[in-house]
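What the coordinates show
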Amino acid sequence: VEKEFAAAVELGMKIDEAMSGQPKLADLESAQADRLRLGDLTVRRSELPLESLTTALSQITAGRNEKRRLLEALRVAHAAHDLRRGLAIGDTCPVCHSVVATMTDEADGPDASLDQLATELQELEERADRSRDGLKEAEGQAKQIDRQLDEVEERLKGQPGLDALEEAITTVRELVE
C-alpha cells in the first residue's frame, strides 16, 4: 500500500510540475472564447450598412433640396396669381395701388402643381428623417461593436492564436486526465 501511495504521490507531483508550466484550463478556454467573439464582432461590424445608408441619405437629401428649390421657384413665379386670388372688385391692388374695377376669368393657377411639389417634398423630408435615424442607429451599433472589439483585443494581448489555444487546451486536458 505504501508503494502505491508513494507512486500516486510521485505521479501527483509530476502532474503538478507539468501543470505549473501550463496556463489554467479556464484561462485558456476564456481566451479561446474571446478569439471566437473577436471574429463574430468583426463580422457583425463589417455587415453594418454604414456606407449604403450614408449614400442613401445623401441622395435623398439632394432630392429634397432640389424639390425645395423647385417649390420656391414655382411660388415666386406664381406670386401674382396668389395676390390676385385674394382681390375682389373695389379692393386696392397691393402691387400698383389702384382700385380693382374688373376681374377677368383666369384659369386656376398653379395650385395643383404647388400642392404636388409640397407633397413630394414632405415625403422626401420623411424619407430623409428615416434614413438619418437608420444611419444614427447603425453608427451607434458600430461604436458599441468597436468598444467591444477594443475590450476583447485588450484581453487577448499576449495570448496565442486560436490554433495554439486549442492545442494548449488539449495538452492541459490530457495532463489533468
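Description of the structure in this document. (Residues numbered from 1 in each chain as written. Predicted model: local features only at pLDDT ≥ 70, side-chain atom pairs only at ≥ 80, totals over all residues. Heavy atoms only, no water.)

Overview of the overall build of the protein chain
Looking only at helices and strands, one finds six helices and zero strands in the protein chain. By the burial criterion, 21% of the 177 residues in the protein chain qualify as buried. Pairs at least 24 residues apart make up 80% of the contacts formed inside the protein chain by residues separated by at least 6 positions. Accessible surface for the protein chain amounts to roughly 12,700 Å². Of this, 53% is attributable to carbon and sulfur atoms. (Helix = DSSP H or I, 4+ residues; strand = E, 2+ residues; numbered from the N terminus. Buried < 20%, exposed > 50% of the residue type's maximum accessible area, 1.4 Å probe, protein only. Contact = heavy atoms within 4.5 Å. Areas by Shrake-Rupley, 256 points an atom, 1.4 Å probe, with all protein chains shown as cover.)

Topic: helix α3 (residues 50–77)
Relative to the 40 Å expected for 28 residues at 1.5 Å per residue, α3 spans 40 Å between its end C-alpha atoms, a close match to the ideal helical length. Listed in full, the buried residues belonging to α3 are L50, L57, I60, T61, R64, L71 and L74. (Expected span 1.5 Å × (residues − 1).)

Quick word on the side chain of E125
Looking at the element boundaries, E125 is found in helix α5 (residues 111–156). Polar side-chain contacts of E125 include one of 2.6 Å to the side chain of R68. (Polar contact = N/O pair within 3.5 Å; in protein donor to acceptor, adjacent residues only side chain to side chain.)

Describing the nonpolar core
Considering soluble globular proteins, one finds that nonpolar side chains tend to be buried as a cluster. Core analysis: the biggest nonpolar cluster contains 18 residues, and L28 and L50 have the highest contact counts within it. With seven residues, α5 is the single largest residue contributor to this core. Ranked by size, the runner-up nonpolar core spans five residues in total, among them L71, L74, L114 and L117. (Core = buried A, V, L, I, M, F, W, Y, C linked by side-chain atoms within 4.5 Å.)

Some words on the pattern of salt bridges
On inspection of all chains with the given rule, the structure shows eight salt bridges. With a shortest N-O distance of 2.8 Å, R45 and D146 are connected by a salt bridge. With R45 in helix α2 (residues 25–47) and D146 in helix α5, this residue pair connects regions lying 101 residues apart in the sequence. Put simply, E125 and R64 hold a salt bridge, and the shortest N to O gap is 3.7 Å. With E125 in helix α5 and R64 in helix α3, this residue pair connects regions lying 61 residues apart in the sequence. Residues participating in the shared-partner salt-bridge network are R64, R68 and E125. (Salt bridge = Lys/Arg side-chain N within 4 Å of Asp/Glu carboxyl O.)

As for the environment of S98
With respect to the helices and strands, S98 occurs in the loop between α4 (79–85) and α5. Setting aside anything within four residues of it in sequence, one finds S98 in contact with D91, T92 and C93.

A short note on unusual backbone geometry
Trans peptide bonds make up most of the peptide bonds, and negative phi angles are found at most residues other than glycine. A positive phi angle is found at H97, which is not glycine, with a value near 65°. Within the element layout of this structure, H97 appears in the loop between α4 and α5. Looking at H97, the relative accessible area reads 60%, which means it is exposed.

Overview of the state of the cysteines
Following the criterion strictly, the structure yields zero disulfides and no others. Considering cysteine sulfurs only, C96 is the nearest to C93, which forms no disulfide, with 3.7 Å between them. According to the relative accessible area criterion, C93 is buried, its value standing at 16%. (Disulfide = S-S within 2.5 Å.)

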